[in-house]
Amino acid sequence: MAFFSSHRIKLKITSLVAASLCAFSAGAETISATDFIDFDPKQAALGQLLFYDKILSGNQNISCATCHHHSLGGTDGLSLGIGEGGVGLGKDRTPGAGATKIAARIPRNAPALWNLGHKDVHTLFHDGRVEATDAKGARFETPAKALLPHGLNSILAAQALFPMSSDAEMAGHGDENPVGAAFADRIDKGWDLVTKRVRAIPEYEDRFAAAFPSVQRAEDITIVEIANAIAAFIGTEWQSYDSPYDAYLTKGTPLPADAERGRQLFFGDAGCAQCHNGPLFSDQQFYSVGIPAFGPGRIDGQRDIGRMETTGNPDDAYKFRTPSLRNIALTGPYGHNGAFPTLTGMIRHMANPAASHAAWLPDLAELPKVAWLQDADFKLSSDAAETTRILADLDLSKVSLSDDEIADIEAFLQALTGASAHNLPLGRPDKVPSGLPVD
């Protein structure tokens, strides 16, 4: 997770004068309601129910919301999540027991959902494995390749399909349930079985018919309508553009003194804005920033090579997508694997990755104890060869920052928290049409 990274050999902002010009150029950092995809409100309301309904998971024991919950800022508060088979929420989530207990942790930190419905968003997941490939955002490059269904309304809809297909996240293993078995056979077969479950619930049939003109009866519901409804919910629910920084830009309301000093550093000598720029505070590009490795990884259960897994290009090894910083104070831990529990730690790392990596301790990771996984949890962090590879070609230059300057930058990042971030339009439903419990 690139966090206000600066290119080693590209342009560097060297004065606060240049920083001020950057900050106020053509309103580049402002957002308004018109910047978002215009999703249908009925579809969004339907998507809220699907988002919280465990009917979409193989063993019917986990929903999208379990790892992206309203009470946890749209994430799960863990470094690496406990997925299918677990019980509970956030730091209190347990790994389950018996035959359905988890076999591994989720290998990456649960991404935040803020402002993903913005029209400029074209790349999702830490490694960018879902991308919009045309200007209208109607065609996508995804792990499903030619099997991706047609008619998806946004990159958010394309993304929504893949947690369902992951055995560790929602599907379960092939020997546990028919959905998991179908996904293990071929990705689109699992989506068909999930759709059949939804069709069988009369309330869903009625709600889909009311939200989608193409649906006249249950048989008309497809995984496309399911994904489009979830996208409509995410895209409208997690909008945020009413932070103190937005008031500063649009109304001239002064920031607190420490946040103002942090703003000047952010757009100036600290170099943060070279990658965390634009209205989303992200260039949506990929950088190697030397985050300490731990957990199961994604390659043979041992390594996480980042963007290279998607592109196959060795130049992309250990590179991860620049995250948006809006509401960043609500979405820790930080890094693509949640290596840093605090903004202070993450800022310090980005200023000096090598020193931070050397000082990092496993106790910093927010990992609920799982007895049968503990021996492997930090195997990667003690692998000297892997550490050398991670730090070999960083896209960062060391920046000298005092403790006070780090605190000021954190104050500026706190000023990116929306005033309405804790009072979203729809929130958590009390119940869902399947009748399954709601997290």
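Here, every reference points to the structure presented above.
Below is a short write-up of the structure.

Conventions adopted
Residues numbered from 1 in each chain as written. Predicted model: local features only at pLDDT ≥ 70, side-chain atom pairs only at ≥ 80, totals over all residues. Heavy atoms only, no water. Core = buried A, V, L, I, M, F, W, Y, C linked by side-chain atoms within 4.5 Å. Buried < 20%, exposed > 50% of the residue type's maximum accessible area, 1.4 Å probe, protein only. Helix = DSSP H or I, 4+ residues; strand = E, 2+ residues; numbered from the N terminus. Phe/Tyr/Trp six-rings, centres within 6.5 Å; stacked < 30°, edge-to-face > 60°. Pairing = 2+ DSSP bridges. Contact = heavy atoms within 4.5 Å. Axes fitted to C-alpha atoms, helices over the stretch in contact; angles between N-to-C directions.

1. Considering the nonpolar core
1) Next: Residues Phe51, Leu56, Met164, Phe208 and Ile226 are the most contacted members of the largest nonpolar core, which totals 64 residues.
2) Next: Looking at this core, the elements with two or more residues in it are helix H2 (41-52), helix H3 (64-67), helix H4 (155-165), helix H5 (167-171), helix H6 (178-185), helix H7 (187-199), helix H8 (202-211) and helix H9 (223-237).
3) Next: Sorting elements by how many residues they give to this core places H9 first, with 10 residues.
4) Next: Membership of the second largest hydrophobic core comes to 41 residues, among which are Phe267, Cys275, Tyr334 and Leu343.

2. Quick notes on the packing of aromatic side chains
Describing an aromatic ring pair means giving the distance of the ring centres and the angle of the ring planes.
1) Next: A full pass over the atoms with the stated rule returns 22 aromatic pairs.
2) Next: Look at Phe51 and Trp238: their rings are 5.7 Å apart centre to centre, the planes differ by 50°, and that puts the pair in the tilted class. Of this pair, Phe51 sits in helix H2 while Trp238 sits in the loop between H9 and helix H10 (244-251), placing them 187 residues apart in sequence.
3) Next: On the basis of relative accessibility, which here comes to 2%, the residue Phe51 falls in the buried class.
4) Next: Take Trp238: its relative accessible area is 1%, and that puts it in the buried class.
5) Next: An aromatic cluster is built from Tyr245, Tyr248, Phe266, Phe267, Phe281 and Phe412, whose rings are joined through pairwise contacts.

3. A look at the sheet that holds strand E1 (residues 123-124)
1) Next: The three strands lie next to each other as E1-E2-E3, forming an open sheet whose pairing is antiparallel. At either margin of the open sheet sits one strand with a lone partner, and together these are E1 and strand E3 (140-141).
2) Next: Examined bridge by bridge, strand E2 (residues 130-132) and E3 share two bridges and lie antiparallel to one another. Bridging from a neighbouring strand, Ala132 pairs with Phe140 of E3.
3) Next: The strands touched by H4 are E1, E2 and E3; relative to E2, the strand with the most contacts, the crossing angle is about 165°.

4. Describing unusual backbone geometry
A negative phi angle characterises most non-glycine residues, just as the trans form characterises most peptide bonds.
1) Next: Pro333 follows Gly332 through a cis peptide bond whose omega is 0°.
2) Next: Take Pro333: it is sitting in the loop between strand E5 (319-321) and helix H13 (343-351).
3) Next: The residue Phe125 is not glycine, and still its phi comes out positive at about 75°.
4) Next: Inspection of the secondary structure puts Phe125 in the loop between E1 and E2.
5) Next: Unusually for a residue other than glycine, Phe281 sits at a positive phi of about 55°.
6) Next: Of note, Phe281 is situated in the loop between helix H11 (257-266) and strand E4 (286-288).

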